[in-house]
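Understanding the architecture of this molecule
Residues per chain, in single letters:
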Amino acid sequence: MMTITAEQTSPTTDTAETDLVARAANLLDLLRKNAAQTEADRRVVEENIEALAAAGLFKISVPKRLGGHEADFSTFLKVTSTLGQACGSTAWVTSLINVCGWIMGLYPDQAQRDVYEENPEARVCGVFAPSSSTVAVDGGLKVTGKWGFASGSLHSQWAILGVPVVDETGAQIDQGLALIPMSELSIEDTWHVAGMRGTGSNTLVANDVFVPHYRIMSLTQAVEGKVPTEHTDEALYRSAFVPVASLILIGPQLGLAKGALDFVKNSLAKGKGIAYTFYDRATDSGSTQINIAQAASLIDTAELHMLRAASDIDTAAKGTDYLDFETRARVRMDVGTVATRSREAMDILLNVQGAGSFAEASPLQQKWRDLETGSRHAVVNPAIASEAYGRALLGVKEQVTPLI
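Small disclaimer: the values here were computed from a predicted structure and weren't measured.

As for the overall build of the protein
Scanning the protein from terminus to terminus reveals 13 helices and eight strands. Evaluated residue by residue, the protein yields a buried proportion of 55% over its 404 residues. When the accessible surface of the protein is summed, it comes to about 16,500 Å², and 52% of that surface belongs to carbon and sulfur atoms. Of the side-chain charges in the protein, 34 are positive and 47 negative, and the distance between the mean point of each set is 5 Å.

Some details on the packing of helix H11 (residues 325-353) against helix H12 (residues 363-374)
Where H11 meets H12, the closest approach of the two axes is 11 Å, and the angle between their N-to-C directions is 155°. Accordingly, the angle class assigned to the pair H11 and H12 is roughly antiparallel. Our pair here, H11 against H12, has a crossing hand that is left-handed. Contact with H11, carried on its side by Ser342, Arg343, Met346, Leu349, Leu350 and Gln353, involves Leu364, Lys367, Trp368, Leu371 and Glu372 of H12 and no other residues of that element. When grouped by side-chain class, the residues that make up the contact of H11 with H12 number six nonpolar, two polar and three charged.

Brief notes about the side chain of Asp174
Within the secondary structure layout, Asp174 lies in strand S5 (residues 172-181). For Asp174, which is buried and forms no salt bridge, the nearest opposite charge comes from Lys226, at a distance of 11 Å. A polar contact of 2.7 Å, which involves the side chain of Asp174, links it to the side chain of Ser218. Every residue in contact with Asp174, bar those within four places of it in the chain, is listed here: Val163, Pro164, Val165, Ser218 and Thr220.

What to know about the packing of H11 against helix H13 (residues 382-394)
Where H11 contacts H13, the axes come no closer than 8 Å and their chain directions differ by 150°. Considering the angle they form, H11 stands roughly antiparallel to H13. Of the two possible hands of crossing, H11 and H13 adopt the one that is left-handed. The segment H11 lies against H13, with Phe325, Glu326, Ala329, Arg330, Arg332, Met333, Gly336, Thr340 and Arg343 engaging Pro382, Ile384, Ala385, Ser386, Ala388, Tyr389, Ala392 and Leu393. Classifying every residue of the contact of H11 with H13 gives 10 nonpolar, three polar and four charged.

Some details on the packing of aromatic side chains
Scanning all chains against the criterion turns up six aromatic pairs. Ring geometry for Phe128 and Phe241: centres 5.5 Å apart, planes at 35°, overall tilted. Of this pair, Phe128 sits in the loop between strand S1 (124-127) and strand S2 (132-137) while Phe241 sits in helix H8 (residues 241-247), placing them 113 residues apart in sequence. Judged by its relative accessible area of 24%, Phe128 is partly exposed. By relative accessible area, Phe241 is classed as buried at 2%. Between the aromatic rings of Phe149 and Trp191, the centroid separation amounts to 6.0 Å while the plane-to-plane angle is 80°, which identifies the pairing as edge-to-face. Linking Phe149 in strand S3 (residues 140-150) with Trp191 in the loop between strand S6 (186-188) and strand S7 (202-212), this pair joins segments that are 42 residues apart in sequence. You can call Phe149 exposed: its relative accessible area is 63%.

Quick notes on the confidence of the model for the protein
Put simply, the protein has an average pLDDT of 95, and 96% of its residues get 70 or more. Contacts for the low-pLDDT stretch residues 1-13, under 50 throughout, to residues beyond four places or in other chains number 44 contacts.

Some details on the pattern of salt bridges
The final tally for this structure, using the stated rule, is 20 salt bridges. Between Asp29 and Arg32 there is a salt bridge, with its nearest N and O atoms 3.1 Å apart. Here Asp29 pairs with Arg32, and both are found in helix H2 (residues 28-41), just three residues apart, close to one helical turn. Across the pair Arg369 and Glu39 runs a salt bridge, and its minimum N-O distance is 2.8 Å. Of this pair, Arg369 sits in helix H12 while Glu39 sits in helix H2, and the two are 330 residues apart along the sequence.

Overview of the environment of Arg330
Its place among the elements puts Arg330 in helix H11. Judged by its relative accessible area of 10%, Arg330 falls in the buried class. Put simply, Arg330 and Ala361 are 31 residues apart on the chain and 39 Å apart in space, counted from C-alpha to C-alpha. In this view, Arg330 contacts Arg308, Ala309, Asp312 and Tyr389; residues no more than four positions away in its chain are not counted.

Quick word on the sheet that holds S6
As summarised here, the arrangement of the four strands in space is S2-S3-S7-S6, forming an open sheet in which the pairing is antiparallel. Whereas interior strands pair on both sides, the edge strands pair on one side only; in this sheet they are S2 and S6. Across the sheet, the mean angle separating the axes of adjacent strands is 20° when strand polarity is ignored. Judged from the three bridges that link them, S6 and S7 form a sheet pairing that is antiparallel. By the bridge assignment, Ile187 is partnered in S7 with Leu204.

Rules of the game
Residues numbered from 1 in each chain as written. Predicted model: local features only at pLDDT ≥ 70, side-chain atom pairs only at ≥ 80, totals over all residues. Heavy atoms only, no water. Helix = DSSP H or I, 4+ residues; strand = E, 2+ residues; numbered from the N terminus. Buried < 20%, exposed > 50% of the residue type's maximum accessible area, 1.4 Å probe, protein only. Areas by Shrake-Rupley, 256 points an atom, 1.4 Å probe, with all protein chains shown as cover. Lys, Arg positive; Asp, Glu negative; His and termini not counted. Charge placed at Lys NZ, Arg CZ, Asp CG, Glu CD. Axes fitted to C-alpha atoms, helices over the stretch in contact; angles between N-to-C directions. Parallel < 35°, antiparallel > 145°, perpendicular 65-115°, else oblique. Left-handed = near helix turned anticlockwise from the far one by under 90°. Contact = heavy atoms within 4.5 Å. Nonpolar A, V, L, I, M, F, W, Y, C, P; charged D, E, K, R; others polar. Salt bridge = Lys/Arg side-chain N within 4 Å of Asp/Glu carboxyl O. Polar contact = N/O pair within 3.5 Å; in protein donor to acceptor, adjacent residues only side chain to side chain. Phe/Tyr/Trp six-rings, centres within 6.5 Å; stacked < 30°, edge-to-face > 60°. pLDDT = per-residue confidence, 0-100. Pairing = 2+ DSSP bridges.

Written as structure tokens, this is what we have:
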């Protein structure tokens, strides 16, 4: 098990952070060009996947010893929010594959080598919900089940899937995360949705698949910071599990709001007027000026919450103590706040742009649908996050979710 032994330096230098964010920014024109096709295909177009891979942006959180960047979560979120400005689905898939790359750094060394030694460019997707059944057999578990909403599964070679851990009698003794090659799984085409269509978040299916013990990590222990990696000197993999798993979801959402603001500002700069008024140029209207300022301020608020949470995670990982419970609960609150402020900003921008926002040819309506869908992820839920944080602040022992 990992034990925290000493203060560590940050896994990412300022230069490395700037470089990774710049690589993401260099892909924005390509992602914008392919955004409509990604949505139509219901999967990220291969040109995007190849460009992200070539830029090393699927290896943000993979250990350096395995060829990754081992970048901190402040960098992670700056990269994914940048990508989200151009294509919500591409940014979402990038986020989910990268967080699974981080989770790989928590597994025993043998499991990590199973994934990356044969294929250093391997990508991993994941679903935590234990929607499966298991049977204890010699050396591991046999797993049968279905896991919905497997974002990134169309572009991955491995999957991390929630399973009940049972003993020889069939009694459940833990909840685990089983690492399974995609070659032993099938995919059901179930992702037919209004937004984030390009994420290809279909259903993975396993039928009596054997998983050795060393490829099954305890989720309940991981939530408390107890993970089985032998590489205890790697600070990044001491980051708090649930705060990481929830926070990475909102980088693309912030990016969508930022992208919408840029789109509307560019539209206004071209001389767009306000129909049925005397304003030939909307930029001359005080209401437009106030709305743009309010939208920008909401986006700034969202970004500040996101970066504060990331900084707290990164700082704690470099120290000797696991991130405290109240801060972990507050990070859940921060996640809900980012989603809410981003949606509020989007709503204002739609009002500024007017009914033309909803033309099928307008990128704005796709950003709106993507944000409305992505921000409804169960782990983002602002109401549940508020309740959990409120209980933590008030010292109420009974919580509403184990995922804090």
